[in-house]
Structure formats: C-alpha cells, structure tokens
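# An overview of the molecular structure
Given next are the chains, with one letter for each unit.
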Amino acid sequence: MTTDLIQAAVYAALLIALAVPLGLYMARVFAGEVTFLAPVERAVLATAGIRQDEGQHWTRYALSLIAFNAAGFALLFLILRFQHLLPLNPQGFDGVPAHLAFNTAISFVTNTNWQSYGGETTLSHFSQMLGLTTQNFVSAASGMAVAAAVARGFAGRQTRTIGNFWNDLVRAVLYILLPIAILLAVVFVMLGMPQTLAASITATTLEGGQQTLALGPVASQAAIKQLGTNGGGFFNVNSAHPFENPTAISNLLSMLAILAIPVGFCFAYGRMVGDRRQGTALFAAMGVMLVIAFIALYAAERAGNPLHAGLVSPTAGNMEGKEVRFGLVGSVLWAVTTTAASNGSVNAMHDSLTPLGGLVAMLNIQLGEIVYGGVGVGLTGMLLFVVLTVFLAGLMVGRTPEYLGKKIEAREVKLAALTLLVMPIGVLAFSALAVAFGAAQASVQDAGPHGLSELLYAYSSATGNNGSAFAGFNANVPYHNTFLGIAMLLGRFGYIIPILAIAGSLATKRAAPPSAGTFPTHGTVFVVLLVVTILIVGALTFLPVLALGPIAEQVSALAGRTF
Amino acid sequence: MLVLLRPALVLTVIFMLLTGLAYPLAITGFAQGLLPHQANGSLVIRNGRLLGSELVGQAFTGPRYFHGRPSATSAPDPSDPAKTVGVPYNAASSSGSNLGPTSKVLAEAVLTRAAALGDRPAPADLVTASGSGLDPHVSPAGALAQVARIAAARGVAPARVEGLVQRLMEGRSFGFLGEPRVNVLALNLALDAEIP
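For clarity, every value in this text was computed on a predicted model and none was experimentally measured.

### Examining the overall build of chain A
On a plain count of helices and strands, chain A comes out with 19 helices and 4 strands. Against the 2.2 N^0.38 benchmark of 24 Å for 563 residues, chain A shows a C-alpha radius of gyration of 23 Å, consistent with a compact globule. Out of the 563 residues belonging to chain A, those deemed buried represent 65%. Across chain A, contacts joining residues at least 24 apart in sequence account for 79% of those joining residues at least 6 apart. Counting 25 positive and 22 negative side-chain charges, chain A places the averaged centre of each group 16 Å from the other.

Right, here's the structure in full:
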C-alpha cells in the first residue's frame, strides 16, 4: 500500500516536472520562435506549396485539417486493402477486408487507434510502419495544431485569422513529436523492446515445445503511440505484451509519455493567452479529476473480486488480466492514465477489471476525454466546458459572461452546448442502435450486466477517440466496424469544428480590461465550478446506463452471482 | 477545396517517408548496430539452441519445473481453421482471457486452479490469467508455493530449491518501482544447471 502510493506520487511529480518546461517549449514552437530545423521546415512547406505564416480564417483552418485527414484516410485505407501487393510483408498477410480497413483507417486518422484487428496476426510491416506509424504522428500533430489555433483565437485581438494549419502541423511533427519519439524509442530498445524487420523467430522451449515469437519494429511504434496519445499497439495485447512493455521502468516512461504533452498543453495555453494562471487553473481542474479517478480505480482493484474471496490470497488484489512485473498499482495508474488521456493503450485487460474499476475507466472516457485528454484536443475539449461554466456563472450573477476579457455570447454558448450531444449520441444512441439492430448480443463475450458494459465501453471508446477496449467484445464484424468508425468521426470532428468556430469568433472580439464585476477564471472558485459542471453533465448523461452495466454487476458480484 | 488538395497529399507523402519510413528504419539501424541483443528479442541461446526469450514466458507443464501463470492465448484449430483452440504461451498471438469479473467461466477456472494448488488461499497470480498470456514472471509467493512439488520431483531437500528461488528473486526497480518477482524461465534454467 505504501509502496503503491509512493509509485503514484513519483509518477505525478515526474509528470509535472516534465510537462511544465515542455508546455512552455510547445508555446514557443507554435509561436514560430523555435527555428533549429528552419531549413527543413521551409523545404517541406515549399514542396507542398504553402506560404509560411499565412493566416487562415477558422473555416479555412478547419477545411485544411479535413482535407489533410481525408488524404490520410484514403492513403491508409488503400495501404491496408492492398498490403498483399506491397513490400515488407514477410508473413504474407492478405489484404485487409473493406470494413476492417475502413474502421482502422478512421481509427488512426482520428487519433483513436481502436484496434478491431490483432496486430501480429493481421498487418504487414509496411502497413504498420508507413500506414499506422505515419498516422500516429500526423493525427497527433493535427490535434496539437487545433489546440494552438484555439489558443490563438482565444487570445486574438480583433483579428480574422487563427494561424496556419499547415505550419502548425509541420512544426508539431518536426519540433515536438519526432525528436522526443526518437529519444524515447532508443531508450525503449535499451529496456528490451525489439526493433527489427524480421517478423518472427521460432524457439524450442526448455520442455521441448515449439514457440514462435512475433517480432518487428516495436520500439519505434511504441514510442509514438504513447507520445501522440494514439495507443495503437504493435501486438494484440498492446503494452501488456512483454516485448511492448518489458519492465516497470518502461511502464513508468510510457505513462509519462502518454500524459506529458496533454498536461504540457495546459501550460502552453497559459503562455499563449498571456496569462499563466489560466493554464494553471485548467491543469488543476483536470488534476483533481485524475486523482479522484485514481483513488476510485485503485480502491476497486485493491479490494479484488468478491467472488474469489477466501479462494485467492487478497494481498495482490484483482490480478486477472494483469502482469506481475507492473503489479496492481502499475496497472491501475496506467488504466487511469490511458482512459483519461484518450490514449487507449493498455497494460492490463480492462475487460477483467472489477465492476467498479471498469466503471471508472469507462466514465473517464465518457466525460469527453478532457482530463488532460488527447494531445491538443483534450485542452480544447476542456475549453468547451470552460465556455459553458462561464455561461452558467454569468447566469447565476446576472451578468454577460466573459472569458479572457471577451464577451461570451449566444453563438459561442450554442456551439459549446451542441458538443454536449456528441458523447450521448455516440455512446447511448449508437449502443441502443447496436442492441436493436446490430446483433450486439452476438458480439459480447460475457453474459449478464457485463455484456452491456462491453458494448458500452466499445462505443464510449470510439466516440471518445480513446481506443482501449473491453476486448472480449468482438468488434471485428461489418456492423460494428462501420458504426464504431462513424462514432470515431463524430467524436473527433464533433468537437474540433465547434471549438475552432468558437475560437474564430472570439478572435474577432475586443478584449475589455477586467472590472470589479468580472468573474475571475483562474481562482479556486472557478476550478470547483468547472469540475462540478463536468461531473454533473457526465453523471446526468451516463448514470442511468452505468447502473444497468457496471453497478448492476457489482451488486451481482456482492450477492455471489455469476453469469 | 481543390487548392487544399496539393498540400494535403504532398504533406501526407512527405510525412509517410519521414515518420513512416525514415524514422523506424533509422531506429532499426541504430538498434541493430548498437543494441542487437534487445533489438532481436532478448533471445536465450544455450549450446547453440534457441530456447526462447528472457522477456517472454513459455509453457511449463511437467512436475520438475516451475510453472508460469495461466495463459489464455490460443491458435487456429488445425482441424478447422475457423475455430481456435487454447495454446498457452503462444507468442505469435498474444491475448488475455478478457473474462469479466462475474463470468462463470472465470469463477470455475479460478476454482479449478486453486484446487490443483491445494493450499488456500492461493497466490493470486497462479490462479488468474495474465494480460498478455505471455507473462514471464510469477510472484515470490507464486514460486514458493511450487517448491515442495519440484523438490519431490527432483529428489532433493525443499530448502535447496527454495534457496534458488530466493537467489533469483528480482526486487523493485530503484527500490520502489514495480513488484518483486521471479522470472520462470531463468529459474528453471538455474534449476537444470544446479539441481539436475
């Protein structure tokens, strides 16, 4: 217990120590102040025919993003469909079926990295490298670009433009993602992750059996999958695989890589809007929710499965689906981190979490992936809640709401309120549709309330662009591949476009200096109000269905019922 | 929209070459050159024979060896490729059980495994399937629970086997990170070398 808490505390301390300087660095990158790769940057932009630092209206910015993601989708889809005709396919895998290629391409372009397939049994090295690894970089960079544009818009003074998408994209890759990924990949190899173009090697075990070890360029993919909050693993079990996460040290580094950029963006935001306290307030609000989630998930897993009481030693907690080298706390910290950050890589099987542990993981996603969230988009998702909270606070005191000195008016509030519908539609409506028409019962592995949890988790993960799964759920059928794909699109662009519109609108406004009646958005009162708003919206939306899934399951387990 | 097509396509291709090809190949080149042992899977080779990987667990079933954790991996059924059969520690297709906490299958599996071990309560890691199906470790309690069986099978005093377990026990990294554990393959190799 004490060692567990020390591990969590060390993780938190290291995370903050990394994220603060990284955040300030990122703010400089997006302001164009970091130039050590300027010749490369200029060459790339010139080849693509882009004029450097040409400001874009928010609609142009959004269209550029959509065009880029559409091109990425098309190329990835073709690579997957025709991987059997392409090189670097040592195992001779066949082309990926259309519905699976559709799902996977959307999944990686939207930074979800939901995996309907088993990596080592489906995809060639060409698909993994040129297909997936590329999107790991650029889908993350797209989200980071959005955050940079939104911060500019919020800070802008009567301007029509919010930056240049292509510039932001190139800078995010060249100055942030690529250098850190290279460093991390090298360390990962030192810790034992394979990095080879060989596909597998067959050993004769000590007892004389045959064991085929799947290999590949694991370290390079693992580094960027964490850093970009992508989460798509090289292997089927992702970072639970000893090759994809060999030691407790690689486990800690991976978790730091998952949250460093999302946390850093809070501080980058503070600097970009010219008031560090604004970023610190967002950091604090997210931190409070992360700590609550950790305590709840830890308590649930530590208590273990009530059905095994007396049979299994209680000291280790619930070990089904977990690995010995990380232990309980290493798995719990990861589960909280990955669901909070919209990363979606796992080092333990979430399907086998205790009912309440699974509930915390699921709710983390359902709140909208804003507890640090995905790189860039976590911050912008949080800013949507900031707009709503400022509006609610304005209603309470009867004043026109303001944020950063700018009037929040009907247009902004309508757009922010609209995004509150994204998670309910993607999770509740799509799950209901799947139950009614999608043969959901055929895809769930477990009977009883846990079956509903598996379905809910799948649609939550897709809409939240998380990518983790209750993996007993068989999503690799045409119905779910299609609808989960649509849910991912909804969860990505359903947030990005409204927040860019809000940023575009705020950019044009005049900022008034704070007066005696201004409600400060950097103090404790605001942080509390923000957290309460998020929790109330999340609870009102999802408690009923969670009662039918994980809560019903917990009650069943306590009553000694199995299904 | 059409004017956006050029930057979209050109940048996608440039990034494909830079991040999808140059980056993994550069890391591969570096790793193969300077860290070949890790880069190729931390392989264990004895007398020219490839035994497996230090990092990946393998199936042990005989009484003379320490057993790893239950593994839920499977492989295509040789008689019917549409189906799968349980093949523990299949390192070509990693998988956990993914059984939910109230699953009847899980409850029965835990009961059967605990009954086979005899002692109650059983160490959690010996009666639950690992996340990867390839967990190379067991907990110290999980190793010690098997000492009597191995000592009997090898005809030596349990204290000798226990001493070996104690010696190969790995602690937490830096004293606080991770969990104490024993690598099953390393332990069994030591067993063959020292208590044949």
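Now that the structure has been shown, the text picks up again.
### A few points about the pattern of salt bridges
Across all of its chains, the model carries 20 salt bridges over all chains by this definition. Close ionic contact of Glu409 of chain A with Lys509 of chain A constitutes a salt bridge, the shortest N to O distance being 2.6 Å. One end of the pair, Glu409 of chain A, is in the loop between strand S4 (406-407) and helix H14 (410-419); the other, Lys509 of chain A, is in the loop between helix H18 (478-507) and helix H19 (524-558), with 100 residues separating them in the sequence. Glu409 of chain A sits in the partly exposed class, given a relative accessible area of 40%. You can call Lys509 of chain A buried: its relative accessible area is 12%. Close ionic contact of Asp80 of chain B with Lys83 of chain B constitutes a salt bridge, the shortest N to O distance being 3.7 Å. Connected through shared salt-bridge partners, Glu323 and Arg325 of chain A together with Arg69 and Asp135 of chain B make up one network.

### Digging into helix H9 (residues 248-272) of chain A
Residue and element names in this part refer to chain A. Spanning 25 residues, H9 covers 36 Å between terminal C-alpha atoms, matching the ideal 36 Å at 1.5 Å per step. Along its length, H9 reaches its greatest deviation from straightness, about 35°, at Ala260, and the proline Pro262 lies no more than four positions downstream. With 22 of its 25 residues buried, H9 lies for the most part within the structure. If you check the start of H9, you find a side-chain oxygen 3.2 Å away from the backbone N of Ile249, and it comes from Thr247. Positive phi appears at Gly274, one or two residues downstream of H9, with a value of about 75°.

### Re the packing of helix H3 (residues 58-81) of chain A against H18 of chain A
Residue and element names in this part refer to chain A. Direction vectors running N to C along H3 and H18 enclose 155°, while the axes themselves pass 9 Å from each other. Comparing the axis directions of H3 and H18 gives the class roughly antiparallel. The two elements H3 and H18 meet at a crossing, and its hand is right-handed. For the pair formed by H3 and H18, the contact residues are Trp58, Tyr61, Ala62, Leu65, Ile66 and Asn69 on the first element and Phe493, Ile496, Ile497, Leu500, Ala501 and Gly504 on the second. The class makeup of the residues in the contact of H3 with H18 is 10 nonpolar, 2 polar and no charged.

### Re the side chain of Asn251 of chain A
All names here are of chain A. Checked against the element boundaries, Asn251 lands in helix H9. The buried category is assigned to Asn251, whose relative accessible area is 3%. In this structure Asn251 touches Asn245, Phe326, Gly330, Trp334 and Asn347, once residues within four positions along its chain are discounted.

### Brief notes about the packing of H3 of chain A against helix H7 (residues 165-190) of chain A
All names here are of chain A. At a minimum axis separation of 9 Å, H3 and H7 run at an interaxial angle of 55°. Between H3 and H7, the angle falls in the class oblique. Of the residues in H7, those touching H3 at Tyr61, Ser64, Leu65 and Phe68 are Phe165, Trp166, Asp168 and Leu169. Counted by class, the contact of H3 with H7 contains 6 nonpolar, 1 polar and 1 charged residues.

### As for the interface of chain B and chain A
Contact with chain B, which involves 100 residues of that partner, is made by 107 residues of chain A. Buried area between chain B and chain A, both sides added, is near 8300 Å², and the carbon and sulfur share of it is 68%. Across the contact surface, chain B and chain A share 1 salt bridge. With its nearest N and O atoms 4.0 Å apart, the salt bridge here joins Arg325 of chain A to Asp135 of chain B. Those elements that provide at least two residues to the side of chain B that touches chain A are helix H1 (2-34), helix H2 (36-39), strand S2 (49-53), helix H3 (104-117), helix H4 (124-127), strand S5 (137-138) and helix H8 (184-194) of chain B. Its residues assigned to classes, the side of chain B that touches chain A comprises 54 nonpolar, 34 polar and 12 charged.

### Describing the environment of Leu388 of chain A
All names here are of chain A. Within the secondary structure, Leu388 is located in helix H13 (residues 377-397). Once the C-alpha coordinates of Leu388 and Leu420 are considered, the two residues, 32 residues apart in sequence, prove to be 9.9 Å apart. With residues near it in sequence (within four places) discarded, Leu388 still touches Val413, Ala416, Ala417 and Leu420.

### With respect to the side chain of Gln56 of chain A
Residue and element names in this part refer to chain A. Structurally, Gln56 can be placed in the loop between helix H2 (38-47) and H3. Gln56 gets classed as buried once you look at its relative accessible area, which sits at 6%. Ignoring any residue separated from it by four or fewer positions in sequence, one finds Gln56 in contact with Tyr61, Ser64, Arg160, Thr161, Ile162, Gly163, Asn164, Phe165 and Trp166.

### Observations concerning the domain arrangement of chain B
Domain annotation of chain B identifies domain 1 (8-40) and domain 2 (45-194). For domain 1 of chain B and domain 2 of chain B, the distance between their C-alpha centroids amounts to 35 Å.

### Re a nonpolar patch on the surface
Residues and elements named next belong to chain A. A cluster of nonpolar side chains, contributed by Leu356, Leu543, Ile551 and Val555, occupies part of the molecular surface with about 310 Å² of accessible area. Residue contributions to the nonpolar patch peak at 3 residues, all from H19. Mapped onto the fold, Leu356 is located in helix H12 (residues 355-366). Classification of Leu356 by relative accessible area gives partly exposed; the value is 34%.

### Things to note about the packing of aromatic side chains
Residue and element names in this part refer to chain A. All told, the structure shown has 21 aromatic pairs over all chains when counted by the stated rule. Relative to Phe283, the ring of Phe267 lies with its centre 5.1 Å away and its plane at 40°, an arrangement referred to as tilted. Placement of Phe267 in helix H9 and of Phe283 in helix H10 (residues 276-303) is noted, with a sequence separation of 16 residues between them. Taken as a pair, Phe267 and Phe283 share a single burial class, namely buried. On the basis of an interplanar angle of 65° and a centroid distance of 6.3 Å, the ring pair of Phe430 and Tyr459 is categorised as edge-to-face. One end of the pair, Phe430, is in helix H15 (residues 422-437); the other, Tyr459, is in helix H17 (residues 449-463), and 29 residues separate them in sequence.

### What to know about the layout of surface pockets
All names here are of chain B. As a volume, the second largest pocket reaches approximately 490 Å³. As for the second largest pocket, its lining consists of 17 residues, of which His67, Gly68, Pro70, Arg113 and Leu126 are closest to the centre. It is H3 that provides the largest number of residues to the lining of the second largest pocket, a total of 3 residues. When grouped by side-chain class, the residues that make up the lining of the second largest pocket number 9 nonpolar, 5 polar and 3 charged.

### What to know about the environment of Ala70 of chain A
Positionally, Ala70 of chain A belongs in helix H3. Distance from Ala70 of chain A to Ile106 of chain A, taken between C-alpha atoms, is 9.3 Å for residues 36 residues apart in sequence.

### Topic: the pairing of strand S1 (residues 200-204) of chain A
Residues and elements named next belong to chain A. For S1 and strand S2 (residues 210-214), the ladder comprises 5 bridges, and the chain directions are antiparallel. Its bridge partner being in S2, Ala203 is matched across the sheet by Gln211. Following S1, the chain reverses through 5 residues before pairing antiparallel with S2; Gly208 in that reversal takes a positive phi of roughly 95°.

### Section: the pairing of strand S1 (residues 43-46) of chain B
Residue and element names in this part refer to chain B. In this structure, S1 lies alongside S2, joined through 4 bridges in antiparallel fashion. Within S2, the position partnered with Arg46 by the bridge is Arg49. Counting the residues in the hairpin turn of S1 and S2 gives 2 residues, including Asn47, whose phi is positive at 50°.

Conventions we followed
- Residues numbered from 1 in each chain as written.
- Chains lettered and ligands numbered in written order.
- Predicted model: local features only at pLDDT ≥ 70, side-chain atom pairs only at ≥ 80, totals over all residues.
- Heavy atoms only, no water.
- Helix = DSSP H or I, 4+ residues; strand = E, 2+ residues; numbered from the N terminus.
- Rg over C-alpha atoms; globule rule 2.2 N^0.38 Å.
- Buried < 20%, exposed > 50% of the residue type's maximum accessible area, 1.4 Å probe, protein only.
- Contact = heavy atoms within 4.5 Å.
- Lys, Arg positive; Asp, Glu negative; His and termini not counted.
- Charge placed at Lys NZ, Arg CZ, Asp CG, Glu CD.
- Salt bridge = Lys/Arg side-chain N within 4 Å of Asp/Glu carboxyl O.
- Expected span 1.5 Å × (residues − 1).
- Bend = angle between axes of the 7 residues up to and from the residue.
- Polar contact = N/O pair within 3.5 Å; in protein donor to acceptor, adjacent residues only side chain to side chain.
- Axes fitted to C-alpha atoms, helices over the stretch in contact; angles between N-to-C directions.
- Parallel < 35°, antiparallel > 145°, perpendicular 65-115°, else oblique.
- Left-handed = near helix turned anticlockwise from the far one by under 90°.
- Nonpolar A, V, L, I, M, F, W, Y, C, P; charged D, E, K, R; others polar.
- Buried area = accessible area lost by both parts, 1.4 Å probe.
- Domains from an automatic or database assignment.
- Patch = residues over 30% accessible without salt bridge, like charges linked within 9 Å, V, L, I, M, F, W, Y side chains within 5 Å.
- Areas by Shrake-Rupley, 256 points an atom, 1.4 Å probe, with all protein chains shown as cover.
- Phe/Tyr/Trp six-rings, centres within 6.5 Å; stacked < 30°, edge-to-face > 60°.
- 1 Å grid on protein atoms, 1.4 Å probe; cavity = no way out; pocket = protein on both sides within 12 Å on 5 of 7 lines; lining within 4 Å.
- Points joined across faces, edges and corners; volume = space filled by probe spheres on them.
- Pairing = 2+ DSSP bridges.

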